[in-house]
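A closer look at the structure
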Amino acid sequence: MNQITDTKKFSLSAEELEKFQRDGYIGPFDLYEKDEMEANLQALRPKLLNTKKAIYGGGRAVSGNTNLANYDRHLDIDFLADHITRPEIVDRVSSILGPDTLCWRSEFFPKYPGDEGTDWHQADNFSNVAGSKHPQIVWPEDADFGGTITVWTAFTDASVENGCLQFIPGSHKTMNYDESKTMDYNPDAINATEKNGIRRGFFGHDYRQLQKDPNWSPDESKAVSQVMRQGQFIVFWSTLMHASHPHSGLTDQMRLGFAGRYLPTSVKVYPYSTELEEFGGQASLDKFGNVLTSGTDTYGHNRFVDSTVNGHPFRTNQ
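What this report covers is the structure whose coordinates are included nearby. (Residues numbered from 1 in each chain as written. Predicted model: local features only at pLDDT ≥ 70, side-chain atom pairs only at ≥ 80, totals over all residues. Heavy atoms only, no water.)

This part is about the overall build of the protein chain. The secondary structure content of the protein chain amounts to 4 helices and 18 strands. A compact globule built from 318 residues should have a C-alpha radius of gyration of about 20 Å, and the protein chain, at 18 Å, falls within 12% of that. Look at the contacts in the protein chain between residues 6 or more apart in sequence, and 81% of them connect residues 24 or more apart. For the protein chain, the exposed surface amounts to about 13500 Å²; the carbon and sulfur share of it is 47%. Side-chain charges of the protein chain comprise 31 positive and 43 negative groups, with the mean position of each set lying 2 Å from the other. (Helix = DSSP H or I, 4+ residues; strand = E, 2+ residues; numbered from the N terminus. Rg over C-alpha atoms; globule rule 2.2 N^0.38 Å. Contact = heavy atoms within 4.5 Å. Areas by Shrake-Rupley, 256 points an atom, 1.4 Å probe, with all protein chains shown as cover. Lys, Arg positive; Asp, Glu negative; His and termini not counted. Charge placed at Lys NZ, Arg CZ, Asp CG, Glu CD.)

Attention now goes to a negative patch on the surface. A surface patch of like charges, here negative, comprises Glu33, Asp35, Glu36 and Glu38. Taking the relative accessible area as the measure of exposure, Glu38 reaches 32% and is therefore partly exposed. (Patch = residues over 30% accessible without salt bridge, like charges linked within 9 Å, V, L, I, M, F, W, Y side chains within 5 Å. Salt bridge = Lys/Arg side-chain N within 4 Å of Asp/Glu carboxyl O. Buried < 20%, exposed > 50% of the residue type's maximum accessible area, 1.4 Å probe, protein only.)

Those residues of helix H1 (residues 14-23) not exposed but buried are Leu17, Phe20 and Asp23. Projection of H1 onto a plane perpendicular to its axis shows the buried side chains occupying an angular sector of 145 degrees, all on one side. In H1, the exposed positions that point more than 90 degrees away from the buried face belong to Glu15 and Glu18. In this structure, the buried side of H1 is in contact with strand E1 (25-30), helix H4 (87-97), strand E7 (149-154) and strand E12 (232-237). (Arc of directions from axis to C-beta.)

Once that is clear, we can look at the packing of aromatic side chains. For the structure shown, the criterion picks out 19 aromatic pairs. Centroid distance Phe202 to Tyr207: 4.8 Å. Interplanar angle 70 degrees. Geometry classified as edge-to-face. As far as burial versus exposure is concerned, Phe202 and Tyr207 are alike and both buried. One aromatic cluster is present, formed by Phe109, Tyr177, Phe202, Phe203, Tyr207 and Trp216 through successive ring pairs. Over the ring of Phe29 we find Arg92; its NZ or CZ atom is 3.9 Å from the centre of that ring. (Phe/Tyr/Trp six-rings, centres within 6.5 Å; stacked < 30°, edge-to-face > 60°. Lys NZ or Arg CZ within 6 Å of the ring centre and 35° of its normal.)

In terms of burial, H4 is a largely internal element, 10 of the 11 residues being buried. Residues Glu88, Ile89, Val90, Asp91, Arg92, Val93, Ser94, Ser95, Ile96 and Leu97 constitute the buried set of H4. Once H4 finishes, Gly98 follows within two positions and takes phi at roughly 110 degrees, a positive value.

Time to look at the nonpolar core. Counting 52 residues, the largest nonpolar core has Ile96, Ile149, Phe155, Val235 and Tyr262 as its most contacted members. Setting aside chain neighbours within four positions, we find Tyr262 in contact with Ile84, Ile89, Val93, Leu97, Leu102, Cys103, Trp104, Thr148, Ile149, Val151 and Thr293. Listed in part, the 23 residues of the second largest apolar core include Ile168, Phe202, Tyr207 and Met228. (Core = buried A, V, L, I, M, F, W, Y, C linked by side-chain atoms within 4.5 Å.)

As structure tokens, then:
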């Protein structure tokens, strides 16, 4: 796949693309003013609590300290539908992936006072947490890449004290984990395990179980703490070694991030799955659809939706 530079207003510059290729991430970029994002968040809170229209609502969607009912809320909440298609985001994504892109998943990542940090991890085909162990995304055989582009937006301030992201620059070029291995789900381990002196976990799993070399450990001396103000976003490969700090509990305010995940339309999404089974929860994919965020789809192997369940249309950037 050829990376391109185009004339869209928010496309990455040649220098930014070079940095992204080297480090595996770029940003943060401003999207909302702090007061604007806070107002959006306050309006969003009651909608997040109401999962009646959420496509994974009901059933066994609630599990551990993650909640499948709050996956893909861009499919039922109009603000999030507009957010994932913002040209400030999509122009940058398409300057990496090419002109034809889709958003296949969104997730909220809350971190509450006292919560553990997230394990160092990489994700390539996302079979790592799938109960079926089937790949959730499949790139063409001749593709130069794997994984997905993640756009992580700080819906609150993200600091070292409240659990901001951490990256190891350049680590996206080598996968240190075998996603075909199995991680044991143990909700009792949440907030109860120290690794190298830091409380870390992976939503009831231990990501070390997927290591190709059980004696390997990430070089945390190279880690960068990604402090972000409320309303900013950052772009990174899911194959980049990333983690988060614990929430120190020094404030009673949660940290909240919202991640949109993007692919070129050539990639197959959920080609082997009729349901999500992750983190001890389960939900049908019957109501799922990808969102075309830029260009066109000429492949025809993915399911798309053109509006939310409320009838709110998605914007496709050209």
